[in-house]
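Residue strings, one per chain:
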Amino acid sequence: MVWVTDHPPKSVDLDSCVTCGLCLPVCPTFRLTGDETASPRGRLAAITAVAEGRIEVDERFDEITSFCLQCRACETACPSMLPYGEVIEAARAEAVAQVPRSNQAIRRLALGRALRSPLMMRASTIEAAVLQRMDVLGSLPIVGGATAGLRRLPLPLPSARGGAWGPVDAERVILFTGCVADTWFTEIHTATVRVLLAAGYRVEAPVTQTCCGALASHSGFGSDADSMADTNISSMAGDATIVVNVAGCGAHLKAYGRYGDGGEGIAARTKDVTEIVAQAIEEGRLPTLASSGHRVVVQDPCHLEHGQKITREPRLLIEAAGYEVVDADPGGMCCGAAGLYQVDHPDTAGQLGVAKAAKIEATGVRLVASGNAGCEMQLRRYLDDGYEILHPVEIYAKALAGQKT
Ligand code: SF4
Ligand code: SF4
């Protein structure tokens, strides 16, 4: 038995590695450990060894593949353009299918079931909001302590799912609401809708859409991710642009091409919100505002920079909002958020979080822009209370409304 899932790592991808090692200096886990098996090249060697029947999918293989952040910095560096993200997701699915773990059932319930259930998401968020008001949420060992980085959760809980805004005869775009994004980060959806309306669009958020499947897929639950993709492909059929304001979800939707024709349509129509807003600013449908004389430090989420090759557009929004852009860590390492990474590898996630926070602190700027919900939580956890962390579209929306940040 070599591979057991329907979508194992592809030989054509594995064969494209020429073992040049150009990916090693950009890989956070290799930089922290200096260990070849913690590098992209080393992980690919292990996956290739399984494909060739030289080793088995065992606990060591599980360890080697799960230590990867799936940040995809290696993809950007690779001259062979090896689709490392796809390969490691497939390898993780094999490890999950073949190596039993004690917490697998609860993890699958959370990632494969709860995230796609608006009812379960709302119930757990209300509970989290109450714990947050009791000042105990951040100290509980939930999701590796990541909840310490949550925004203040609103009560009663709003939701953008099922909403429709703007004139019916305007160009229609779909707002991808996501799972935790809809309950934990509703302000970002509100800002997104506000800016898209100002740009002249009609915005609709189909009630039948569900979680994109990224967290399930990254954690090796490929069949759950496939089923979420099926739901989204039906829910968001048509030709409208799909607007996403969480980098991890956007990168995953842009990889739906793996699901055939319907998936290719979703992939082609998906845009990060900063892409569509930047285009409207450049076309003069949204204004460039006067300088406020203040600065914003921009954090580049891996799934925006490496997963979608987007770095210019968030900066364009910040500048159009009247702020000077400050780069804290150009070409830097992942902040360590990486989905459930902090549950499995809390020390490494913490080291990366502390390092990223130190880079931001060194700028002396206290307003931070991040286009990914997970990164935002990680930054809030490692920066002190004096920092405000917002999505670039929120900064632009506030400036548009004449509000100070
Ligand atoms: S995805 Fe990130 S952590 Fe994983 S091998 Fe590539 S660079 Fe290293
Ligand atoms: S940069 Fe690409 S080709 Fe070179 S070792 Fe890394 S994965 Fe292989």
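Here is what the cut-offs are and how they apply
Residues numbered from 1 in each chain as written. Chains lettered and ligands numbered in written order. Predicted model: local features only at pLDDT ≥ 70, side-chain atom pairs only at ≥ 80, totals over all residues. Helix = DSSP H or I, 4+ residues; strand = E, 2+ residues; numbered from the N terminus. Rg over C-alpha atoms; globule rule 2.2 N^0.38 Å. Buried ≥ 20, exposed ≤ 12 C-beta atoms within 10 Å, placed from the backbone. Contact = placed C-beta atoms within 7 Å. Pairing = 2+ DSSP bridges. Axes fitted to C-alpha atoms, helices over the stretch in contact; angles between N-to-C directions. Near = placed C-beta within 6 Å. Nonpolar A, V, L, I, M, F, W, Y, C, P; charged D, E, K, R; others polar. Parallel < 35°, antiparallel > 145°, perpendicular 65-115°, else oblique. Left-handed = near helix turned anticlockwise from the far one by under 90°.

1. Observations concerning the overall build of the protein
Along the protein, the regular secondary structure elements total 21 helices and nine strands. Since a compact globule built from 405 residues should have a radius of gyration of about 22 Å, the 21 Å found for the protein is in line with a globular shape. In terms of its C-alpha atoms, the protein occupies a principal-axis envelope of roughly 65 × 45 × 45 Å. When the 405 residues of the protein are sorted by exposure, 48% land in the buried category. When contacts within the protein are restricted to residue pairs at least 6 apart in sequence, those whose partners lie at least 24 apart make up 74%.

2. Brief notes about the sheet that holds strand S7 (residues 324-327)
Across the sheet, which stays open at both edges, the four strands sit in the order S7-S6-S8-S9 with parallel pairing between neighbours. A strand with exactly one partner marks an edge of an open sheet, and here the two such strands are S7 and strand S9 (388-390). Put simply, the sheet's adjacent strands are angled 35° from each other on average, direction ignored. Of the strands in this sheet, strand S6 (295-299), strand S8 (367-370) and S9 touch helix H20 (residues 373-382), which is tilted by about 150° from S8.

3. Here we look at the site of ligand 1
The immediate surroundings of ligand 1 are formed by 14 residues, with Cys27, Pro40, Cys68, Cys71 and Cys74 found nearest. Elements represented by at least two residues in the shell around ligand 1 include exactly helix H2 (28-33), helix H3 (40-51) and helix H5 (73-77). Here the residues of the shell around ligand 1 are counted per class, giving 10 nonpolar, two polar and two charged.

4. Describing the environment of threonine 19
Relative to the assigned elements, threonine 19 resides in the loop between helix H1 (11-15) and H2. The exposed category is assigned to threonine 19, around which 9 C-beta atoms lie within 10 Å. Taking the C-alpha atoms as reference, threonine 19 lies 40 Å from glycine 364; in sequence the two are 345 residues apart.

5. Comments concerning the packing of H3 against helix H6 (residues 84-98)
Viewed as axis vectors pointing N to C, H3 and H6 meet at an angle of 50°, and their least axial separation amounts to 11 Å. Here H6 runs oblique to H3, going by the angle between their axes. Of the two elements, H3 crosses H6, and the hand of that crossing is left-handed. In contact with Pro40, Arg43, Leu44 and Ile47 of H3, H6 contributes Tyr84, Val87, Ile88 and Ala91. When its residues are assigned to classes, the contact of H3 with H6 shows seven nonpolar, no polar and one charged.

6. Re the sheet that holds strand S3 (residues 201-204)
Pairing within the open sheet is mixed, and its five strands lie in the order S1-S3-S2-S4-S5. One side of each edge strand has no neighbouring strand; the edge strands of this open sheet are strand S1 (164-165) and strand S5 (270-272). Relative to S5, strand S4 (residues 241-244) is paired through three bridges, and the arrangement is parallel. Across the sheet, residue valine 244 finds its bridge partner in S5, namely aspartate 272. Its contacts with the sheet place helix H10 (residues 186-198) against S1, strand S2 (171-175), S3 and S4, and it is angled at close to 150° to S3. Along the sheet, helix H15 (residues 273-282) contacts S4 and S5; its crossing angle with S5, the most-contacted strand, is approximately 75°.

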